[in-house]
Structure formats: structure tokens, C-alpha cells
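Report on the structure
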Amino acid sequence: MGGTEEKHPTGSGRPTSRDVARLAGVSHTAVSFVFNGRAEGNLSPATQERIRRAAAELGYRPDPVARGLRRRRTAVIGLVTDEIASSPFAGRLLRGAMETAWGSEHLVLTIDSGGDPAKEDAAVAELLDRRVDGIIYAAMSLRRVRVPEGLHRAHSVLANCLPEDDSLPAVIPAERAGGRTAARLLLDEGHRRVAMVGGQEDIASVDRLRGFRDALRAEGITVPKEWVVRTGGEIAGGYEGAMRVLDGAPADRRPTGLFCYNDRVAAGALHAATRLGITVPAELSVVGYDDQEHMAEFLTPPLTTVALPHRAMGEVAARLLLDAIDTGRTPPATVRRLACPVISRASVGSAASR
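**Some points on the overall build of the protein**
- Summing up its helical and strand segments, the protein has eleven helices and 14 strands in all.
- The C-alpha radius of gyration computed for the protein amounts to 27 Å, which surpasses the reference 20 Å derived for 354 residues by more than 25%, pointing to a less compact arrangement than a globule.
- With the C-alpha coordinates aligned to their principal axes, the bounding extent of the protein is approximately 95 × 45 × 45 Å.
- Across the 354 residues that make up the protein, the buried fraction comes to 50%.
- Nonlocal contacts in the protein, meaning residues at least 24 apart in sequence, comprise 72% of its contacts between residues at least 6 apart.
- In the structure as shown, the protein presents an accessible area of about 17,500 Å², 50% of it carried by carbon and sulfur atoms.
- If the 46 positive side-chain charges of the protein are averaged to one point and the 44 negative ones to another, these points end up 4 Å apart.

**Describing the packing of helix H2 (residues 28-35) against helix H3 (residues 45-58)**
- Between H2 and H3, the least distance of the axes is 10 Å, while the angle of their chain directions is 90 degrees. When the axes of H2 and H3 are compared, the pair comes out roughly perpendicular. On H3, the residues that touch Ala30, Val31, Val34 and Phe35 of H2 are Gln48, Ile51, Arg52 and Ala55.

**Remarks on helix H7 (residues 175-187)**
- With 13 residues, H7 should reach 18 Å at 1.5 Å per residue; the first-to-last C-alpha distance of 18 Å fits that figure.
- Listed as buried for H7 are Glu175, Gly178, Gly179, Ala182, Ala183, Leu185, Leu186 and Leu187.

**Observations regarding the nonpolar core**
- Formed by 47 residues in total, the largest nonpolar core has its most connected members in Phe212, Leu258, Phe259, Leu284 and Val286.
- Counting only elements with at least two residues in this core, the list comes to H7, strand S8 (194-197), helix H8 (203-218), strand S9 (228-229), helix H9 (235-246), strand S10 (257-260), helix H10 (263-276) and strand S11 (285-290).
- It is H10 that contributes the most residues to this core, seven residues altogether.
- Listed in part, the 23 residues of the second largest apolar core include Ala90, Ala317, Ala318 and Leu322.

**A look at the state of the cysteines**
- What the rule picks out here adds up to zero disulfides.
- Its sulfur unpaired, cysteine 260 is 16 Å from the next cysteine sulfur, which belongs to cysteine 340.
- For cysteine 340, a relative accessible area of 8% translates into the label buried.

**Concerning the sheet that holds S8**
- One open sheet holds the six strands; their spatial order is S9-S8-S10-S11-S12-S14, and the pairing between them is mixed. Edge strands, defined here as strands with exactly one partner in the open sheet, are S9 and strand S14 (342-343).
- As paired strands, strand S12 (residues 304-307) and S14 are joined by two bridges and run antiparallel to one another. Within S14, the residue paired with threonine 305 across the bridge is isoleucine 343.
- Those strands touched by H7 are S8, S10, S11, S12 and S14, and its axis lies near 160 degrees from that of S11.
- Helix-sheet contacts for H9 involve S8, S9 and S10, and the interaxial angle to S8 is about 150 degrees.

**What about the pairing of strand S5 (residues 156-159)?**
- Here S5 shows two buried faces, one formed by Ser156 and Leu158 and the other by Val157 and Ala159.
- Bridge count for strand S3 (residues 134-138) against S5 is four bridges, and the pairing is parallel. Paired with alanine 138 across the strands is alanine 159, a residue of S5.
- Pairing of S5 with strand S7 (residues 170-173) involves two bridges; the strand directions are parallel. Bridge pairing in S7 places alanine 159 opposite valine 171.

**Remarks on the confidence of the model for the protein**
- Residues at a pLDDT of 70 or more form 91% of the protein, whose mean pLDDT is 90.
- Confidence drops under a pLDDT of 50 for residues 1-11, and excluding neighbours within four residues, the segment shows ten contacts in the predicted structure.

**Some words on the sheet that holds strand S13 (residues 335-338)**
- Taken in spatial order, the six strands of this open sheet run S2-S1-S3-S5-S7-S13, and their pairing is parallel. Every other strand in the sheet has two partners, leaving strand S2 (107-112) and S13 as the edge strands with one partner each. Strand-to-strand twist in this sheet, taken as the mean axis angle between neighbours without regard to direction, amounts to 20 degrees.
- In the sheet, strand S1 (residues 76-81) pairs with S3 via five bridges, with the strands oriented parallel. Within S3, the position partnered with threonine 81 by the bridge is alanine 138.

**Quick notes on the packing of aromatic side chains**
- Applying the stated rule across the entire model yields three aromatic pairs.
- Seen in terms of ring centroids, phenylalanine 35 and tyrosine 60 are 5.3 Å apart; in terms of plane orientation they differ by 70 degrees. Their pairing is edge-to-face. Taken together, the residues span a long stretch of sequence, with phenylalanine 35 in helix H2 and tyrosine 60 in the loop between H3 and helix H4 (64-71) at a distance of 25 residues. Across the pair, tyrosine 60 and phenylalanine 35 agree in class, each one buried.
- Aromatic pair phenylalanine 212 and phenylalanine 259: ring centres 5.3 Å apart, planes at 40 degrees, arrangement tilted. With phenylalanine 212 in helix H8 and phenylalanine 259 in strand S10, this pair connects stretches of sequence that are 47 residues apart. You'll find phenylalanine 212 and phenylalanine 259 in the same group, each marked buried.
- Every member of this aromatic cluster is reached through a ring pair, and the members are Phe212, Phe259 and Tyr289.
- The aromatic ring of phenylalanine 35 is capped on one face by arginine 52, whose charged end is 6.0 Å from the ring centroid.

Thresholds applied
Residues numbered from 1 in each chain as written. Predicted model: local features only at pLDDT ≥ 70, side-chain atom pairs only at ≥ 80, totals over all residues. Heavy atoms only, no water. Helix = DSSP H or I, 4+ residues; strand = E, 2+ residues; numbered from the N terminus. Rg over C-alpha atoms; globule rule 2.2 N^0.38 Å. Buried < 20%, exposed > 50% of the residue type's maximum accessible area, 1.4 Å probe, protein only. Contact = heavy atoms within 4.5 Å. Areas by Shrake-Rupley, 256 points an atom, 1.4 Å probe, with all protein chains shown as cover. Lys, Arg positive; Asp, Glu negative; His and termini not counted. Charge placed at Lys NZ, Arg CZ, Asp CG, Glu CD. Axes fitted to C-alpha atoms, helices over the stretch in contact; angles between N-to-C directions. Parallel < 35°, antiparallel > 145°, perpendicular 65-115°, else oblique. Expected span 1.5 Å × (residues − 1). Core = buried A, V, L, I, M, F, W, Y, C linked by side-chain atoms within 4.5 Å. Disulfide = S-S within 2.5 Å. Pairing = 2+ DSSP bridges. pLDDT = per-residue confidence, 0-100. Phe/Tyr/Trp six-rings, centres within 6.5 Å; stacked < 30°, edge-to-face > 60°. Lys NZ or Arg CZ within 6 Å of the ring centre and 35° of its normal.

Okay, here's the thing in C-alpha cells:
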């Protein structure tokens, strides 16, 4: 006969807390105290260490499902979003939320609704049926959103969007401050003839333009009406807008600095400058917005831009939610605005020689 296979004292393949108690020479309750976070004040440090050594020797891990049932928690949070599959920024927000959740021993269950309100309601209902500890609702472009049905029945936080009824806490970019930052990138290099291209009448466009004008007004500069060109958010719109403010104007009358609504618009503006024989940044400085992955740093020249804090939004939304779960208190329905950092590359130069 061959050698017999060594088994845990229970005869099963997975060690239990009772196995740990026997090996450590303590009560089963003592083991529960250690792995349920109640050891301090109930067990001496030496006893706690003996229990942990026994658990490590046996390869024991607490059963998260059983622990969740005891605590009336599942250690899972839900994340419902409108367009994970199609957004270039979704991965950053998701990584921020997931890594923050993982740091608190929570998993994230993600559902992409495709922007369909009925699917959003169904997704929230499914998450509630699974008794998730809380829900993050995220939009991939900043806007006011209808709060999905059922979201008020759990701890919930919004990311990159605002509730239409102002009923839930939200984490969004500080877009107006971002517009000021973009303007300062040009002003600090001596630019006084500056234009803004792209955008629509959405929240981000309006706030970025307000911030842009704030910074210029502080320097006593007024932007001519014809130098604020709303042409959407795509490359074609950037090309069209840049042509409108640059084409046909003598060098001493055209803008020397261009703030673009986003990096796609900036790509179109760079194309227009090339078509007109205007060199960047020697004759024209260009600032983008978003720091779009796989794009901004590969333009010619590489684009100086103001980044959206997608990862930070995921992190902060998850932390707000986890804090609410831990304390049992619903966070106030306030708006947290996160700074938009500058990513300096090569598309901005000095205006001193112009």
C-alpha cells in the first residue's frame, strides 16, 4: 500500500476555525475574536499571535460568505455605469474604485447599462437582490442624471455625474478650476491673444469656459466673441474651429494661444495649424483637456493638457461608500470636486518672441 494522504483534523480538505483553535490551544471564540476584528481588549497579544501562527500553518482563511452573513454584509459593492465598453476613460475610474474597494476587502460587481434607463433600474434591482453593501453609479461624461430606481434603498454615491434631484453625494471634476488652469498655462507663457475652440452647452463646456474667462479677466483680458467657437467635441470640430480663428488673419492679429475643449478637438486644431503653415509651439501654443489615453502624448507635438481625474473619482467615490458602509451613516448629499492636474508636454511655448 502507498502512503496515506495527510488530512486536516476535520477530515475535509479545508481547515476550519475549530482546527485553528485546537492547534493553538485556545477556544473557538478566541479564534473568532481574532478574525472578526474583536481581539483587542479581549485577548493578549501573545494569544493573538499564537492563533495567527496556527492559522498560517494550517492555511486557514475565514469564509467571507459566512463572515458577511454574521455582519449582515456581503463584502461586495456594485458599480453601475452607462458606457464602460465605449469610453476611453472607463478603465481609470474602474481601477480607482476596484483597488480602493479591494484595500477594504470588498469586491466590485460591475454592470454596464448602455445608458438604457430600464436596464439601469434592472441592474440596481439585481444588485439589491444580491445584497451588495452599497452602489456607485458612474457616468462616463459629466452630466445631470436621473437617479435609477432603487438607488436610495442602499448606500449610494455618484461618480462623474450629478443627480437631477440633488439627493445623493457626487464626486466630479472641478471643471471651472480646470478651465482656469488651462488659461494660466497660456498666460504664464506671456500669451495675451487667446481663443477657445470646441465644446457644446453641456456642464463641462460651460464650466471650462467660465474658468477660462475667470483667469483672463483677472489679467484684464477680454476674449473677442469670435474667438470662442463652439464646434462640438470631435477632431473635425477642432479643425473647423481652429480654421475659423486662424485662417486669413495676419500673424499679429490672430491668437497665439488656443485652449481646446478636449484632446480630440486639439488634434483637429493641430491639423489646421499644419494646413495653414503655423508651427506649434513656435507660432501657436495649444492646450488640450482630458489627457486622452493613447492619443494626447502621440500627437505632433505631444499635447500639453489638463487631465480629468477619473482614477481619483473612482477612489474617492469608493472611499465615501466604504465609509458609509462601515459607519452605517448615509453621507450627506454634497458634491466633491476633484482637481484636474496639468500634464505638460511640448505644445505650449513662450509668446515673448511673437
